[in-house]
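For reference, the chains in residue letters:
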Amino acid sequence: MLLTSRGRRIGGRVALGLVSAAVLGVTGFAWTQLSRLDAGIVTADVIAPSAQVPDGPPGQPLQVAQNILLVGIDSRTGPDGNPLPQNVLDALHAGDSRDGGDTTDTMIVVHIPAGGVGATAISIPRDSYVDIAGGFGKHKINSAYSRGKNAAMTSLRAQGLTGAQLEVKADEAGAKLTIQTIEQFTGLSINHYAAVNLAGFSALSEAVGGVEVCLKEPVQDKFSGASFPAGKQLLSGPQALAFVRQRHGLPSDLDRIARQQAFLSSMAKTVLDAGTFTDPTRLSALIDAIQGSVVLDRGWDVLSFAQQLRGMSSGALKFQTIPVQSLSLPTLSDGDAVKVDPAQVKAFVKTALNSTTVAAVGEPTDGIGIKPVAATSSVAAPPSSSSTSSMPSLPPEMAGCVS
């Protein structure tokens, strides 16, 4: 079976669980609460033995550098393989079970160096035109998941698998091909994997009490359900999902990535500032939200992993985006794609991970000696039509706002 029930280990929507653990030391109360997650998390056997890393001593600094692949899947099924209820899909403006396509619309590789001094999160545009592993040819990178999943369906059906069991086993094949493709593209070895669907992200954003974002201009998009004024605002649930998921009306997919990065950075800061890990009600809500929304690689003891990072005196998460050469590369069968140079990307990744400029932002919170994260940057990406060069200067209170 792809999925096992070992407890709801800490995880989260593309970076929430990871960021919370990776940049945070928590109290004994929090560890007690988090331990109750360790009895039924949904897991997948997707990491190759050669990429698996041993758990280090709990409470000691991270012994080995690790790369975690975080994906947001445009899926209308839950981690258990069962379809999401239609009322949930309606609330999320997600159509029905026939929509989506099981593509990975968010892909972020988070690198945590040995010692855990900080973390670098590298976003990969979903339309990057790359060689898909396994001999599938050149296509948009977000299709690796669906191609691997669909290719496995025939043989799995021949083995007698049906329903939810078929779905989760096919998802395993999709995750494996995605990991292999990203490893091939970036030159990195992926040591851990975490995935979440649409409903999971909505629930997690509600659990933390909403996340503050800032928009340069008002937004109206009937497709995603995004309807926001300009300026700062607190978003949660379907609104939060619409904020990071909106595609229509944005100048390019790089603007969508900028939103995702800003949102995740603010979410991490929200968790720290709100004292989530020392507040019984908030922590319980977060644990409940994690249930049924996250898939982790089998064998990843995230609680132990977080304990290795518990002794950090400071930490930070820095977002970057791989360099791209064009946002409108014509292709034979995939429409316009994002043109990338694999050699340039590998060189960029190597430089980014060797950088020593990651630094904590803000003052330590909750008396635990860890500073909140608020650093977001996008590196080596070409300017889009929303570039500040084509817009009037923003007033000071709008600094950091996104399109």
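Because the structure is a prediction, the values reported are computed rather than measured. (Residues numbered from 1 in each chain as written. Predicted model: local features only at pLDDT ≥ 70, side-chain atom pairs only at ≥ 80, totals over all residues. Heavy atoms only, no water.)

Undergrad: For this particular structure, what's the right way to read the overall build of the chain?
TA: Helix and strand counts for the chain stand at 11 helices and 15 strands. Counting over 403 residues, the chain shows a buried share of 55%. A separation of at least 24 residues holds for 77% of the contacts in the chain among residues at least 6 apart in sequence. Taken as a whole, the chain presents about 15,900 Å² of accessible surface, with 52% of it coming from carbon and sulfur. (Helix = DSSP H or I, 4+ residues; strand = E, 2+ residues; numbered from the N terminus. Buried < 20%, exposed > 50% of the residue type's maximum accessible area, 1.4 Å probe, protein only. Contact = heavy atoms within 4.5 Å. Areas by Shrake-Rupley, 256 points an atom, 1.4 Å probe, with all protein chains shown as cover.)

Undergrad: In this structure, what is going on with empty space enclosed by the protein? I would like to understand it.
TA: Remark: the empty space left among the atoms is shown by a probe the size of a water molecule rolled over them. Following the criterion strictly, the structure yields nine cavities of 30 Å³ or more and no others. The calculated volume of the largest cavity comes to roughly 200 Å³. As for the largest cavity, its lining consists of 20 residues, of which Ile-73, Pro-79, Tyr-145, Asp-171 and Val-295 are closest to the centre. Mapped onto the lining of the largest cavity, the elements with two or more residues apiece are helix H5 (163-186) and strand E7 (192-196). (1 Å grid on protein atoms, 1.4 Å probe; cavity = no way out; pocket = protein on both sides within 12 Å on 5 of 7 lines; lining within 4 Å. Points joined across faces, edges and corners; volume = space filled by probe spheres on them.)

Undergrad: Is there a simple way to explain the nonpolar core in this structure?
TA: The tendency in soluble globular proteins is for nonpolar side chains to be buried as a group. Counting 41 residues, the largest nonpolar core has Phe-228, Phe-243 and Phe-263 as the members making the most contacts within it. Here this core takes five residues from helix H7 (residues 238-245), the largest share from any one element. Those residues in contact with Phe-263, other than ones at most four positions away along the chain, are Phe-201, Ser-205, Val-211, Val-213, Ala-240, Phe-243 and Val-244. (Core = buried A, V, L, I, M, F, W, Y, C linked by side-chain atoms within 4.5 Å.)

Undergrad: Even after reading the chapter, I still don't get the pairing of E7, so can you show me in this structure?
TA: For a regular strand, side-chain orientation follows a simple rule: the groups alternate between the two sheet faces. Most of E7 sits inside the fold, with five of its five residues counted as buried. Side chains His-192, Ala-194 and Val-196 of E7 all project onto a buried face; the interleaved residues Tyr-193 and Ala-195 project onto the opposite face, where all are buried too. Where strand E2 (residues 66-73) and E7 come together, five bridges link them in parallel fashion. The residue bridging Val-71 from the neighbouring strand is Ala-195, located in E7. (Pairing = 2+ DSSP bridges.)

Undergrad: Teacher, can you tell me more about the state of the cysteines here?
TA: Where two cysteines share a covalent bond between their sulfur atoms, that bond is called a disulfide. One pass over the structure, following the stated rule, counts one disulfide. With its sulfur 1.7 Å from that of its partner, Cys-214 forms a disulfide with Cys-401. Judged by the torsion about the S-S bond (45°), the Cys-214/Cys-401 disulfide is right-handed. In this pair, Cys-214 sits in strand E8 (residues 211-215) while Cys-401 sits in the segment after helix H11 (342-353), placing the two residues 187 residues apart along the sequence. Across the pair, exposure class does not vary: Cys-214 and Cys-401 are buried alike. (Disulfide = S-S within 2.5 Å.)

Undergrad: Would you take a moment to explain the sheet that holds strand E1 (residues 42-44) for this structure?
TA: Sheet strands pair by backbone hydrogen bonding; their relative direction is either parallel or antiparallel. Strand order in the open sheet made by the seven strands is E1-E12-E7-E2-E3-E4-E13, with mixed pairing throughout. With one partner strand each, in any of the chains shown, E1 and strand E13 (317-321) form the two edges of the open sheet. In this sheet, adjacent strand axes meet at a mean angle of 25° when their direction is disregarded. With four bridges joining them, strand E3 (residues 104-112) and strand E4 (residues 119-123) adopt antiparallel strand pairing. Within E4, the position partnered with Ile-108 by the bridge is Ser-123. (Axes fitted to C-alpha atoms, helices over the stretch in contact; angles between N-to-C directions.)

Undergrad: Please clarify how the packing of aromatic side chains should be interpreted in this entry.
TA: Going through the model one piece at a time under the given rule, you end up with two aromatic pairs. With a centroid separation of 6.2 Å and an interplanar angle of 65°, the aromatic rings of Phe-228 and Phe-243 are classed as edge-to-face. Here the residue Phe-228 occupies a position in strand E10 (residues 226-228), and Phe-243 occupies one in helix H7, the gap between them amounting to 15 residues. Judged on exposure class, the residue Phe-228 and its partner Phe-243 are both buried. (Phe/Tyr/Trp six-rings, centres within 6.5 Å; stacked < 30°, edge-to-face > 60°.)

Undergrad: Hey, could you run me through the environment of Val-109 in this one?
TA: Within the secondary structure layout, Val-109 lies in strand E3. Each C-alpha atom of the pair Val-109 and Ser-123 lies 6.6 Å from the other, and the pair is 14 residues apart in sequence. Sequence-distant contacts of Val-109, that is, excluding residues within four places in its chain, are made with Asn-67, Ile-68, Leu-69, Thr-120, Ala-121, Ile-122, Ile-124, Ile-182, Leu-188 and Ile-190.

Undergrad: How do you make sense of the pattern of salt bridges when you look at a structure like this?
TA: Between side chains of opposite charge, a pair can form when the charged atoms approach closely. Taken as a whole and judged by the stated rule, the model has seven salt bridges. Close ionic contact of Lys-140 with Asp-127 constitutes a salt bridge, the shortest N to O distance being 4.0 Å. Note that Lys-140 is positioned in strand E6 (residues 137-140) and Asp-127 in the loop between E4 and strand E5 (129-132), a separation of 13 residues in sequence. Through salt bridges that share partners, Asp-105, Arg-126, Asp-127 and Lys-140 make up one connected network. (Salt bridge = Lys/Arg side-chain N within 4 Å of Asp/Glu carboxyl O.)

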